[in-house]
Amino acid sequence: MHYVDQGQGEPIVFLHGLCTWSYMFRTPIRELSKEYRCVAPDMLGSGLSDKPANWDYKPMSHARNLGMLVEHLDLRDITLVVHGYGGPIGLDYMFDHMDRFKKLVLINTWMWDPKPETPLGKFAKSANGPLGKLMFIQNNQAVKQIRASFADKSKYTESTHCAYSGTYESKDSRIGTYQMSKYISECGPWFEELWNCREKLADMPIQLLWGLKDPIFDENCLNKWWHEFPTVETTTFPDSGGYLFEEHPVEATEKIRDFMKVKPANGYLA
């Protein structure tokens, strides 16, 4: 499993979602590593990590991999920054090791069993249907999904496309994204169990950063987080899709920097 480990100090762990890899965190890593230790793994099947054909790619398996990395590096007082599929994967490990974590940043993500009528539920259904394998393996749906999630398509530049598509050039390299997409619906009980653990976050300082034009993790997802944690620090980006660090890299990075400097008071942000 490939990972970036840059800077010194209090650790920030960045966890990417489906179709992407640690490349998406290049701006916050470059800037925040001046003050903090920034760690960003590529999940198996993504980015520069191996893409084995015989691995299961279930979210709980990714969570175990994350745990092995965190424990190998002996990271403590972690601020966890999660995007998309990185949310349930990162939170699964966090819930069993709360003593290692200090703060949480949620960016266009979820951790519940999505209903079939929601955008995420429809996406999962399409991956599980008869055309799912064709979409992901033959037609490289993973990379197409990235561009579709940009609100401002002009920011999806040629270099951005090359960075994301270059890690999924062969059909064999796409098995991980295909399997992960299927498991959104196949692992429904696991996601529901994860959501039932949300009370563990009651005393965790949380920041929400949200692109409101995300076609998958829409405003309804944001409202679900708000309903459970109405006092969390929240910044919305009305003109951005789900890839904040591509469309608003400087602004999103500064929000995390500000969040890092706030000291918790009685378990909540002062």
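Per chain, residue numbering runs from 1 following the sequence as it is written. Totals for whole chains, interfaces and linings use all residues, but because this is a predicted model, local features are given only for residues with pLDDT of at least 70 and pairs of side-chain atoms are given and counted only at 80 or more. Each side-chain value is worked out from all heavy atoms of the structure, with water and hydrogens disregarded.

Caption draft 1: Structural view of the pattern of salt bridges. Take a side-chain nitrogen of Lys or Arg and a carboxyl oxygen of Asp or Glu: if they are within 4 Å of each other, that pair is a salt bridge. Under the defined criterion, the tally for this structure stands at 12 salt bridges. Among the ionic pairs, Glu-35 bridges to Lys-261, the shortest N-O distance being 2.7 Å. Remark: Lys-261 occurs in helix 12 (residues 249-261) and Glu-35 occurs in the loop between helix 1 (26-32) and strand 3 (37-41); sequence separation between them is 226 residues. Residue exposure (1.4 Å probe, protein chains only): buried if accessible area is under 20% of the type maximum, exposed if over 50%, otherwise partly exposed. Under the relative-accessibility criterion, Glu-35 is labelled partly exposed at 32%. The partly exposed category is assigned to Lys-261, whose relative accessible area is 49%. The residue Arg-257 makes a salt bridge to Glu-254 at a minimum N-O spacing of 3.2 Å. Of this pair, Arg-257 and Glu-254 are both found in helix 12, 3 residues apart, which corresponds to roughly one turn of the helix. Taking the relative accessible area as the measure of exposure, Glu-254 reaches 31% and is therefore partly exposed. Strands are runs of DSSP state E lasting at least 2 residues, helices are runs of H or I lasting at least 4, and numbering of each runs from the N terminus.

Any functional reading would require information beyond the geometric quantities listed.
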